[in-house]
Amino acid sequence: MSNSTVSSVPLPLADRIRAGDVRAVARAISLIEDDAPQAADVVRAVFPLTGHAYLVGITGPPGAGKSTLVDKLTAGLRARGQTVGVLAIDPTSPYTGGAILGDRVRMQTHAADEGVFIRSMATRGHLGGLARATHEAAYVLDAAGKDWVLIETVGVGQDEVDIVRTADVSIVTLVPGTGDDVQALKAGIMEIADVFVVNKADREGADRLVASIEAMLSLETFGPDEWRPPVLRTQATTGAGVPEVLEAVDRFRAHPHQDQAARRRVRSEFRLKELLASQFLDYVQQQVLSSGELDELLGRIGERTADPYTVAADILARAVGRKGDA
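These notes cover the structure that comes with them. Source: prediction; values computed, not measured. (Residues numbered from 1 in each chain as written. Predicted model: local features only at pLDDT ≥ 70, side-chain atom pairs only at ≥ 80, totals over all residues. Heavy atoms only, no water.)

**Details of the overall build of the protein chain**
- On a plain count of helices and strands, the protein chain comes out with eleven helices and seven strands.
- Here the protein chain holds 326 residues, and the buried ones make up 45% of them.
- In the protein chain, the proportion of contacts linking residues at least 24 apart, taken out of those at least 6 apart, comes to 76%.
- With an accessible surface of roughly 16600 Å², the protein chain has 54% of that area assigned to carbon and sulfur atoms. (Helix = DSSP H or I, 4+ residues; strand = E, 2+ residues; numbered from the N terminus. Buried < 20%, exposed > 50% of the residue type's maximum accessible area, 1.4 Å probe, protein only. Contact = heavy atoms within 4.5 Å. Areas by Shrake-Rupley, 256 points an atom, 1.4 Å probe, with all protein chains shown as cover.)

Structure representation (structure tokens):
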């Protein structure tokens, strides 16, 4: 990487992030969220400082108590003397474009703790339960020296599977009495769990839900050295069962069958392809298509006078030709 590549980012910003400066971290994440011109340079500057933090994804349907569980996991990690970054992904406000729920209403017990950084992020229409900028925000927290980054997904349901491409370990949180005993037999979100947590386990139906998950797992074939997701019970409001969740994450992290390097490579591959697709689309719209041409092409596809495959192939040929002429 040449010095000119990061020249538009003042070196003090990267240095302040490395020092754990809260304002610098918040500023960097804001630039990334807003897709500011400096955002890519921020990531370039901090990326060499990453690779230390362990990313924990907490996902599950709405009402499962994910926020409370994150709060108690944070407390448990802080009791160990480890630092924590929290990315809480919230639905997007239709009025402001920001997160409907903010970090001011989350985990107030940690607000004055310098070892904890909490950030609410809006999905801004991004599917899969995460904000588009989640990966890069995690880089910033990692570069800031956080030992753990907890990522709480928005809670949209069975299609919320992007977390498995983002986190080192995925915790699927379920709650009895909301039909999750049926969801446990479905594909999608249930297939990504490294650890299952049945929260609000004092409720009626907890035993049935645990049995449903265990029945689902019994249909899978696990080798003698393979990780079999444990099914744990918690009452996050009281903290009951939370130490066992942390112990399960520790066991998963240390499990000899878990190739963390391979998992992170898959994550890097997904993000690289996502960036390539996004940047290519930006290039096409800005450099290849003329003003209003995209709307015209979409209209032709809608009217069935052109098919999307032919249109896409034509755009690709024009883009490649333009690159060749450059």
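**Looking at a nonpolar patch on the surface**
- Taken together, the side chains of Phe 280, Leu 316 and Val 320 present a nonpolar region at the surface, about 270 Å² in accessible area.
- With respect to the helices, strands and loops of the structure, Phe 280 is situated in helix α9 (residues 260–288).
- Judged by its relative accessible area of 37%, Phe 280 falls in the partly exposed class. (Patch = residues over 30% accessible without salt bridge, like charges linked within 9 Å, V, L, I, M, F, W, Y side chains within 5 Å. Salt bridge = Lys/Arg side-chain N within 4 Å of Asp/Glu carboxyl O.)

**What to know about the pattern of salt bridges**
- The full count for this structure, using the stated rule, is 16 salt bridges.
- For Glu 136, the salt bridge goes to Arg 271, with nearest N and O atoms at 2.7 Å. Taken together, the residues span a long stretch of sequence, with Glu 136 in helix α5 (residues 134–143) and Arg 271 in helix α9 at a distance of 135 residues.
- Note that Lys 273 is salt-bridged to Glu 269, the shortest N-O span being 2.9 Å. Residue Lys 273 and its partner Glu 269 are located together in helix α9, separated by four residues, close to a single helical turn.
- Among the residues examined, Lys 273 registers a relative accessible area of 52% and is labelled exposed.
- Here the residues in one salt-bridge network are Glu 136, Arg 271 and Glu 274, joined through shared partners.

**Comments concerning the side chain of His 255**
- Structurally, His 255 is set in the loop between α8 (242–254) and α9.
- Setting aside anything within four residues of it in sequence, one finds His 255 in contact with Asp 225, Glu 226 and Trp 227.

**Here's the deal with unusual backbone geometry**
- Located in the positive-phi region is Lys 200, a residue other than glycine, with phi close to 55°.
- Accessibility expressed as a relative area gives 25% for Lys 200, which makes it partly exposed.
- Even without being a glycine, Arg 304 presents a positive backbone phi close to 65°.
- On the secondary structure map, Arg 304 appears in the loop between α10 (293–302) and α11 (308–325).
- According to the relative accessible area criterion, Arg 304 is exposed, its value standing at 70%.

**A few points about the environment of Val 175**
- Structurally, the position occupied by Val 175 is in the loop between β5 (169–174) and α6 (180–183).
- Given the relative accessible area of 1%, Val 175 is considered buried.

**Describing helix α7 (residues 206–218)**
- For α7, which comprises 13 residues, the first-to-last C-alpha distance of 18 Å matches the rise-based estimate of 18 Å (1.5 Å per residue) to within 8%.
- Considered for burial, the residues of α7 that qualify are Ala 206, Leu 209, Val 210, Ser 212, Ile 213, Met 216 and Leu 217. End-on, the buried residues of α7 take up no more than an arc of 155°, which puts them together on one face. Residues of α7 that are exposed and angled more than 90 degrees away from the buried face: Asp 207 and Ser 218. (Expected span 1.5 Å × (residues − 1). Arc of directions from axis to C-beta.)

**Here's the deal with the environment of Pro 48**
- With respect to the secondary-structure elements, Pro 48 resides in the loop between α3 (39–46) and β1 (54–59).
- Sequence-wise, Pro 48 and Tyr 139 are 91 residues apart; in three dimensions their C-alpha atoms are separated by 9.6 Å.

**Focus on the packing of aromatic side chains**
- Summed over all chains, the structure comprises three aromatic pairs.
- Consider the rings of Phe 47 and Tyr 139, whose centres lie 5.2 Å apart with planes at 90°: the pair is edge-to-face. In this pair, Phe 47 sits in the loop between α3 and β1 while Tyr 139 sits in helix α5, placing the two residues 92 residues apart along the sequence.
- According to the relative accessible area criterion, Tyr 139 is partly exposed, its value standing at 22%.
- With 5.3 Å between their ring centres and 80° between their planes, Trp 227 and Phe 252 make a pair best called edge-to-face. Taken as a pair, Trp 227 in the loop between α7 and β7 (231–233) and Phe 252 in helix α8 lie far apart in primary sequence, 25 residues in all. Here Trp 227 and Phe 252 have matching classes, each one buried.
- Lying over the aromatic face of Trp 148, Arg 253 brings its terminal NZ or CZ to 5.2 Å of the ring centre. (Phe/Tyr/Trp six-rings, centres within 6.5 Å; stacked < 30°, edge-to-face > 60°. Lys NZ or Arg CZ within 6 Å of the ring centre and 35° of its normal.)

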